[in-house]
Amino acid sequence: MTEPRSARTGSSERGSKKSAPKKKPKKKFSVKRMMIWMFFTGAVAIVCAIIGYLLIALNGERILAANQDEFVFAEASTIYDANGNEITKLYRENREYVEFSKIPKLLRDAFVATEDKRFYEHNGVDFFAIGRALVKDVIARSAVEGGSTITQQLAKNMFLSHEKTFFRKASEASIAVALENKKSKDQILEMYLNRIYFGKTAYGIQAASELYFGKENLEALKIWEIATLAGMPKAPSRYNPISNPEKSQERMAVVLSLMVEQGLITQAEADEAKAEAAKYEPPAAKEEKVAQPYPAFIDYVINEAERVSGLTEEQLRLGGYKIYTTLNTKAQQIVEKEFADPSNFEESVDDQIVQGAMIIIDHRSGEVQAIGGGRDYQIKGTNRVLDTRQPGSAFKPITVYGPALETGEWFPWSTLRDDKKCYGDYCPTDSNRVKYIGPVSMEQSIKESRNASAVWLLNEIGIQRGLDFAKTLGFNLAPEDRNLAVALGGLYNGVTPMQMATAYGVFANGGKSVDPHAITRIETRGGGTEYEYKAPRSKQLIEPETAYYMTDMLQSVVEKGGTGTRARIDRPVAGKTGTTQHGVPGLVSSGNRDAWFVGYTPEWSAAVWMGYVRTDAQHVLKQSSAMSAAMFGKVMGQAMEGMPVTSFDKPSNVKEVEQPPRVGGFSVKWSEDQMGVQISWSRQSDQNLLYNVYRKESSESQYTLITQTSDTSVLDQGVMANKTYVYYVVSYNSDMGLEGEESTKVSITVPEPTMESPSDLDEPENMGNEPIDDLPENIEDLPDNISEPDLSEPTDANDPAAGGNAGGGTNSAGGTNGNGGNNTSGSTGGESTGGDTGAGANGSTGDNAGGTSTRPGSTTVEEPDGSANGTETPPSGGSKPTSRSSQNVPKVDVNQGENNAAANAVQP
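These numbers were taken from a predicted model, which means no experiment stands behind them. (Residues numbered from 1 in each chain as written. Predicted model: local features only at pLDDT ≥ 70, side-chain atom pairs only at ≥ 80, totals over all residues. Heavy atoms only, no water.)

## Quick look at the overall build of the protein
Step number 1: Each helix and strand in the protein was counted, giving 22 helices and 23 strands.
Step number 2: The buried share of the protein, taken over its 908 residues, is 49%.
Step number 3: Sequence-distant contacts, at least 24 apart, represent 68% of the contacts inside the protein between residues at least 6 apart.
Step number 4: Taken as a whole, the protein presents about 45,500 Å² of accessible surface, with 50% of it coming from carbon and sulfur. (Helix = DSSP H or I, 4+ residues; strand = E, 2+ residues; numbered from the N terminus. Buried < 20%, exposed > 50% of the residue type's maximum accessible area, 1.4 Å probe, protein only. Contact = heavy atoms within 4.5 Å. Areas by Shrake-Rupley, 256 points an atom, 1.4 Å probe, with all protein chains shown as cover.)

This is how it looks when you write it as structure tokens:
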């Protein structure tokens, strides 16, 4: 019999429960057990802390006792040139000790407020400050704040080597504790203020006061000077007011805020201090007792070493390091020699001399060859190679021509417009002697440094393209530079000679990046490697074709007719001049603020800047960039002497374009039938050429393109009577956007419309010999407004109204002038239709020997040298002049230099 399902199920469940294993009970949480563990852990920690403290204190006492009266400085670091030859040792110390009683209280308090505001509360090591710094470092994920006390800084400076070691920080703390046990707070602060490094080889507050402010008496220091000094120990090379005035003032403002916060000064005093600091002028530098060779280059090396190694300047000077550099001693000596020659600089009206800077870089490797930091450069002075100035036209390749070439749509032969034109409120002006010449090739625009065409081109390609190209070459321009003035180098912040030399080096290096550096290796005292230069992977920043075209155009700048001819040397050179207006309010002068030349050979790039440190009405440059170009030529010519002469590399796919031929057979005539100027020329061999015809009225300054045609003649009816017009034509390759050389220029004066003669009129019914009945019997009965005609024959052949020749008197140079008598000076004669003007006789010479014909309907051909070669056949109503005019006519294609272009040759 089968059991019910429920009974079987229940039995199964009971069996299952019996077979399941029993779980062990959980142990209860024991507070007592935890307290025991915490007690023993704390006890061990306390014991360890006591032992550690005793070890630190004992170690500090030992070090302090062993070195109570001496410094444990390492040997001086040594610098070597590119050939491994020793240049100099860096250990040089300018120190003067001052007693505590002679240090003003505000000066002492300012350092405590800035460096260690709990100085009078801790015993050498501020654990609270260390904890605070640790928290901030963790939050920022980097070392943003240190925890060293003034006592620890003193310990480091007095008794420890400046090499980095694992145990140095512990030793620093142990010495600090020992110092606190042996010395009073005032003694520690006195020692600190006399030991701390203030940059520029100055140790101690007294030496710093004299160096930066020229004050031996510390009581004479002003609040802003105190705040400046108190802010310097954090980073002396960055925050000293001579090397970095802007950074120094920023740091000073931080110190002033701390002083206000801690009740040392009022906010009003802080504000006044900031205003005074803005007027800072470094005192006259004292003569160095021991001359250091190549100071500008050495200072640059120290700055670079700080950046690449993480060492401080003091560590670098006193750590026994061997620093190997890229210095070319020959080039450096030549730079310093030429900078010491006053004849290379414009003479000043007073003691404020014209300053200068120069840097030379091997753009193939990025190695800095030489640096001219300024005239009369002092050790750790202002290195003007790193000073920002306005670049002027030297910036055109970077924001205009370079980005245009990079598009692949513009070429050196492309035609730009050099017209007087405004873009909103911005109206650029040409500084050339002959301004606004209309169509101009890109190469001619850069060669003659034309402003209007540069701005026009930037407007065509777009400002953003120019800014992007500049950024590619290393210039992070300000938002305020987003305007067309950037085409002419008018920048918000300016640029440095280092930046300019590096950017031009990209052009010279086939468009590849350049990484300028002055250090190749830093070795420790024991022979280990602290730092070694590793060149970054080269980047193709711009197209090789762009770099080549730019180089090709910049070579024309140093050729005849360019603005940089004085930079020419006995090897290929490319470069660009640049000047900036003085910008002094209310001063009416053509003087300049900055004068540049930036250029390169196939091997080296260099930038030269000249100008006053502070420009005012008495201190402006009377000369222009020719001075800077000459300095480039003098230095580079000597420095590269003996080096193999090479040429710029040419990419394989660079377009070869021949300039279209010059148009011949050019003729301009007045067409009476068509009432217009008939212009014609000979067709060139290339049937695909077009022809651009240009015209200007004699009083206008620029030519205008009036037509483009494939024919060889054109009729210009857009002229006015009694006006003189000048024409020329050029052949034009439309595929390349390239114009040929201008044809001969021909001028023509448009005559008054000729009235038809009676014989040409239709004969009326009563044209016989019968008298006209309706004429008054007496001529006196004529209306008052009608004058009686003069029917008599003219008796004076010199009367212009008679259709004869004008002139009179005798001129041995001018000669006889037809039937019109003698013209005294060959000047213009009568201007009535049908009459000839006076002209010099054949064989006369000089500009004043003959006059230019202005007889309506006549034409004058202007030769490339500016002289006229006679006239074309005139229309009826006048006779052709019998003599050749030699008067020079103003030309439009005069090559003009920058601001002083009168010295340049006039080209056809």
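Let us keep going from here.
## Details of helix H19 (residues 463–472)
In an α-helix, one full turn covers 3.6 residues, which means residues spaced three or four apart are oriented alike.
Step number 1: Of the residues making up H19, those classed as buried are Gly466, Leu467, Phe469 and Ala470. The arc that holds the buried residues of H19, viewed along the axis, is 160 degrees, so those residues lie on one side.
Step number 2: Taken together, the buried residues of H19 touch helix H16 (396–406), helix H18 (451–461), helix H20 (497–508) and helix H21 (544–557).
Step number 3: Just past H19, the residue Gly474 takes up positive phi, approximately 105 degrees. (Arc of directions from axis to C-beta.)

## Things to note about the pairing of strand S11 (residues 529–532)
Step number 1: Here strand S10 (residues 519–523) pairs with S11 via three bridges, running antiparallel. Looking across to S11, one finds that Arg521 is bridged to Glu532.
Step number 2: Linkage of S10 to S11, two consecutive antiparallel strands, is achieved through a turn of five residues, within which Gly527 is found at a positive phi near 100 degrees. (Pairing = 2+ DSSP bridges.)

## Describing the environment of Asn83
Step number 1: Tracing the sequence through the fold places Asn83 in the loop between strand S1 (78–80) and strand S2 (86–89).
Step number 2: We classify Asn83 as exposed; its relative accessible area is 66%.

## Quick word on the pattern of salt bridges
Step number 1: In total, this model carries 18 salt bridges according to the counting rule given.
Step number 2: Note that Asp418 and Arg450 form a salt bridge whose closest N and O atoms lie 3.4 Å from each other. Residue Asp418 is found in strand S8 (residues 415–418), and its partner Arg450 is found in the loop between helix H17 (442–447) and H18; the two are separated by 32 residues along the sequence. For the pair formed by Asp418 and Arg450, the shared burial category is buried.
Step number 3: Glu448 serves as the salt-bridge partner of Arg450, at 2.7 Å between the closest nitrogen and oxygen. Summarising the burial analysis for this pair, Arg450 and Glu448 share the class buried. (Salt bridge = Lys/Arg side-chain N within 4 Å of Asp/Glu carboxyl O.)

## So, the packing of aromatic side chains
Step number 1: Going through the model one piece at a time under the given rule, you end up with 22 aromatic pairs.
Step number 2: Each ring, one from Phe213 and one from Tyr280, has its centre 5.9 Å from the other, and the planes form 75 degrees; the classification is edge-to-face. Taken together, the residues span a long stretch of sequence, with Phe213 in helix H8 (residues 205–213) and Tyr280 in the loop between helix H12 (267–277) and helix H13 (295–309) at a distance of 67 residues. Accessibility assignment for this pair places Phe213 and Tyr280 in one class, buried.
Step number 3: By way of ring pairs, the aromatic residues Phe411, Trp413, Tyr548 and Tyr549 are connected into one cluster.
Step number 4: The ring centre of Tyr324 lies 4.1 Å from the NZ or CZ of Arg521, which sits over that ring. (Phe/Tyr/Trp six-rings, centres within 6.5 Å; stacked < 30°, edge-to-face > 60°. Lys NZ or Arg CZ within 6 Å of the ring centre and 35° of its normal.)

## Brief notes about the sheet that holds strand S12 (residues 574–581)
Step number 1: Taken together, the five strands give an open sheet; going across it, the order is S7-S6-S14-S13-S12, and neighbouring strands pair in antiparallel fashion. Edge strands, defined here as strands with exactly one partner in the open sheet, are strand S7 (367–372) and S12. On average, each strand axis in the sheet is tilted by 10 degrees relative to the strand beside it, whichever way the strands run.
Step number 2: The pairing of strand S13 (residues 592–600) with strand S14 (residues 604–611) spans seven bridges and is antiparallel. Looking at the pairing, Trp596 lines up with Trp609 of S14. (Axes fitted to C-alpha atoms, helices over the stretch in contact; angles between N-to-C directions.)

## Regarding the environment of Gln678
Step number 1: Here Gln678 is to be found in strand S16 (residues 676–680).
Step number 2: A relative accessible area of 25% places Gln678 in the partly exposed class.
Step number 3: For Gln678 and Ser713, which are 35 residues apart along the polypeptide, the C-alpha to C-alpha distance reads 7.3 Å.

## What about the pairing of strand S5 (residues 322–325)?
Step number 1: Here S1 pairs with S5 via three bridges, running parallel. The residue bridging Thr78 from the neighbouring strand is Lys322, located in S5.
Step number 2: Pairing of S5 with S10, which is carried by four bridges, proceeds in the antiparallel orientation. Paired with Ile323 across the two strands is Ile522, which belongs to S10.

## A look at a nonpolar patch on the surface
Step number 1: A cluster of nonpolar side chains, namely Val31, Met34, Met35 and Met38, defines an oily patch on the protein surface of about 390 Å² accessible area.
Step number 2: One can find Met35 in helix H2 (residues 31–66).
Step number 3: Note on Met35: relative accessible area 48%, which makes it partly exposed. (Patch = residues over 30% accessible without salt bridge, like charges linked within 9 Å, V, L, I, M, F, W, Y side chains within 5 Å.)

## A short note on unusual backbone geometry
Residues other than glycine predominantly adopt negative phi, and peptide bonds predominantly adopt the trans conformation.
Step number 1: Although it is not a glycine, Tyr436 sits at a positive phi angle of roughly 50 degrees.
Step number 2: Along the chain, Tyr436 turns up in the loop between S8 and strand S9 (438–441).
Step number 3: Judged by its relative accessible area of 7%, Tyr436 falls in the buried class.
Step number 4: Phi is positive for Asn722, close to 65 degrees, though the residue is something other than glycine.
Step number 5: Its place among the elements puts Asn722 in the loop between strand S19 (713–716) and strand S20 (724–733).

## A word on the sheet that holds S2
Step number 1: Here we have five strands laid out as an open sheet, ordered S2-S1-S5-S10-S11, and mixed in their pairing. Looking at which strands have only one partner, the edges of the open sheet turn out to be S2 and S11. Strand-to-strand twist in this sheet, taken as the mean axis angle between neighbours without regard to direction, amounts to 15 degrees.

## Remarks on the side chain of Glu225
Step number 1: Relative to the helices and strands, Glu225 is located in helix H9 (residues 223–230).
Step number 2: One polar contact links Glu225 to Lys215, side chain to side chain, over a distance of 2.8 Å.
Step number 3: At a separation of 2.8 Å, a polar atom in the side chain of Glu225 contacts the main-chain amide nitrogen of Lys222.
Step number 4: Sequence-distant contacts of Glu225, defined by excluding residues within four places in its chain, comprise Phe213, Lys215 and Ala220. (Polar contact = N/O pair within 3.5 Å; in protein donor to acceptor, adjacent residues only side chain to side chain.)

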